[in-house]
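# Geometric and topological summary
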Amino acid sequence: MSVSRTELTDPGAREGAGILESRLTGLSREEFARDVWARTASLTREASDFTDVFSPSAVDELISRRGLRTPFLRVAKDGATLPSSSFTAPAGVGATIADQLDDTALWRAFADGATLVLQALHRTWEPVADLVSGLSTELGHPVQANAYVTPPQNRGFDAHYDVHDVFVLQIEGAKRWVVHEPVLPDPLRDQPWTDHRAAVADRAAHGTPHLDTMLRPGDVLYLPRGWLHSAQAQGEVSIHLTLGVHAWTRYALAEQLTRAALTTLGDDPSMRRSLPLADPDEPAGRNGPDDVLGLVRERLLAALAEADPAPLFHRARRSRARPAPLGPVAQLAALSGLTTTSLVRLRRALEPRLEGTRLHTRVGHLDFRASDLVPVARLLDGRVRTAGDLGLALAGRLLRAGVLVPADR
């Protein structure tokens, strides 16, 4: 599927357009969910100008001035990953940690044709972090970001598939992408492409590509997990961002459902009993007249029917990402200078969930009195409030907990 930006009205100008529509695909969230998500590869030409998000100068700053350590960078050449010892070193007096990036070694590797992979950019580069946070909220699935910096006429990795969906954002230069349909549709996290290496290699060598195309700055390629791909830079340095969407699956929900059921069974004294001494002449699972396996199956099915996986599922969701950054100095100043007119808001990306009198977030849970529940519930819309709207005591408590942060109108 291919979309041309010239065939669309300007998505960035649309009222209420989200990141999918305004920056990545030109499609609304509903259109993307219906026609593309987890179904097919999709190419959008001239989707957006990404110079505000990432750039060659950002690459140079991160590598040479930020004191990054592994695993925030890996290096690949001719389809293989180089050992981190080949591009890390102590950083001198006051920074003698042995695995900081060595910019000289990285320059030599890059000049020799190696691809530099800046990993977890949602933790190290603020514009990327903002994009990732917004996209994760819009999709309802965790998102992370890597950048791939490839010298001219080089490739970083052989044909492979990922176990997460990706949006590829071409930042600089041009890169040829060859995409094939999956050999294993919708692979789970423990089903990597290396388990199907022969099938992947055969499909890449002999199959008809679904896409064989050149990505240029502003183009966006979406690939569902499992879709085979390889890429090669052309006559200049290529930089692209990969936004990895770690999709929640039905299998993940089944895991949470099973855990909830097992928790219930753990509270049942009859299920905690030891099995009878085994009779070697009886089939496995049977001991005398009692069908132990049948009893366990019956109780397990009953527990599954009654289990509520929601608490575990939401806890797992909260654990898969971090909240928006919080500055301790600014936070202390806001707490110390708190007045009824102080502006505050809910910290972003907290995944808040109010259950009864308890607020669950990525920074822990808080219990409230019934009289506090109305102002706490109002906070969940993310709007800026005054501390007076909430009550100074409540606002102070939430600031101290890292749930509220200072805000500007």
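You'll find the structure just up there.
Now for a look at the structure at hand. (Residues numbered from 1 in each chain as written. Predicted model: local features only at pLDDT ≥ 70, side-chain atom pairs only at ≥ 80, totals over all residues. Heavy atoms only, no water.)

### Notes on the sheet that holds strand β20 (residues 364-367)
Two orientations exist for strands paired in a sheet by backbone hydrogen bonds: parallel and antiparallel. Rules: In this scheme, strands are said to pair when DSSP sees at least two bridges between them. Helix numbers and strand numbers start at the N terminus; a helix is a DSSP run of H or I with at least 4 residues, a strand a run of E with at least 2. To get an axis, a line is fitted to the C-alpha atoms, and for a helix only the part in contact is used. The angle between two axes follows their N-to-C directions and goes from 0 to 180 degrees. Only heavy atoms enter the contact rule, under which two residues are in contact if any of them lie within 4.5 Å.
Strand order in this open sheet of 3 strands is β18-β19-β20, and the pairing throughout is antiparallel. Of all the strands in the sheet, the pair left with one neighbour each is β18 (353-355) and β20. Here the strands of the sheet are splayed against their neighbours by 20 degrees on average, with no regard to which way each runs. For strand β19 (residues 358-361) and β20, the ladder comprises 4 bridges, and the chain directions are antiparallel. Pairing of Leu359 across the sheet is with Leu366, part of β20. Contacting β18 and β19, helix α9 (residues 310-319) crosses the sheet at an angle of about 155 degrees to β18.

### A short note on the nonpolar core
Threshold: For this analysis, a nonpolar core means a set of buried residues of the types Ala, Val, Leu, Ile, Met, Phe, Trp, Tyr and Cys, connected via side-chain atoms within 4.5 Å. Only protein chains enter the accessibility calculation, which uses a 1.4 Å probe. A residue is then buried if its area is under 20% of the maximum for its type, exposed if over 50%, and partly exposed in between.
Membership of the largest hydrophobic core comes to 48 residues, with the highest contact counts inside it found for Phe54, Leu118, Leu121, Phe167 and Leu169. Looking at this core, the element that brings in the most residues is helix α5 (residues 126-139), giving 5 residues. Among the nonpolar cores identified, the runner-up in size contains 17 residues, and Leu379, Leu390, Ala395 and Leu404 belong to it.

### A few points about the packing of aromatic side chains
Heads up, the condition is: Pairing of aromatic side chains here covers Phe, Tyr and the six-membered ring of Trp, requires ring centres within 6.5 Å, and sorts the geometry by plane angle: under 30 degrees stacked, over 60 edge-to-face, intermediate tilted.
In total, this model carries 6 aromatic pairs according to the counting rule given. The rings of Phe32, Trp37, Phe167 and Tyr222 are connected pair by pair, giving a single aromatic cluster.

### Topic: the sheet that holds strand β22 (residues 404-406)
Read from one edge to the other, the open sheet built from 3 strands follows the order β21-β17-β22, with strand pairing classed as antiparallel. Across the chains shown, the open sheet's two edge strands, defined by having one partner strand only, are β21 (385-386) and β22. Strands β17 (343-346) and β22 of the sheet are contacted by helix α13 (residues 392-400), whose axis makes an angle of about 95 degrees with β22.

### Some points on the pairing of strand β12 (residues 220-223)
Regular strands show a simple pattern: their side chains alternate between the two faces of the sheet. Of the two faces of β12, the one lined by Val220 and Tyr222 and the one lined by Leu221 and Leu223 are each fully buried. In this structure, strand β2 (residues 42-45) lies alongside β12, joined through 3 bridges in antiparallel fashion. Note on β12: the bridge partner recorded for Leu43 is Leu221. Pairing of strand β9 (residues 165-172) with β12, which is carried by 4 bridges, proceeds in the antiparallel orientation. Counterpart to Val166 in the pairing with β12 is Leu223.

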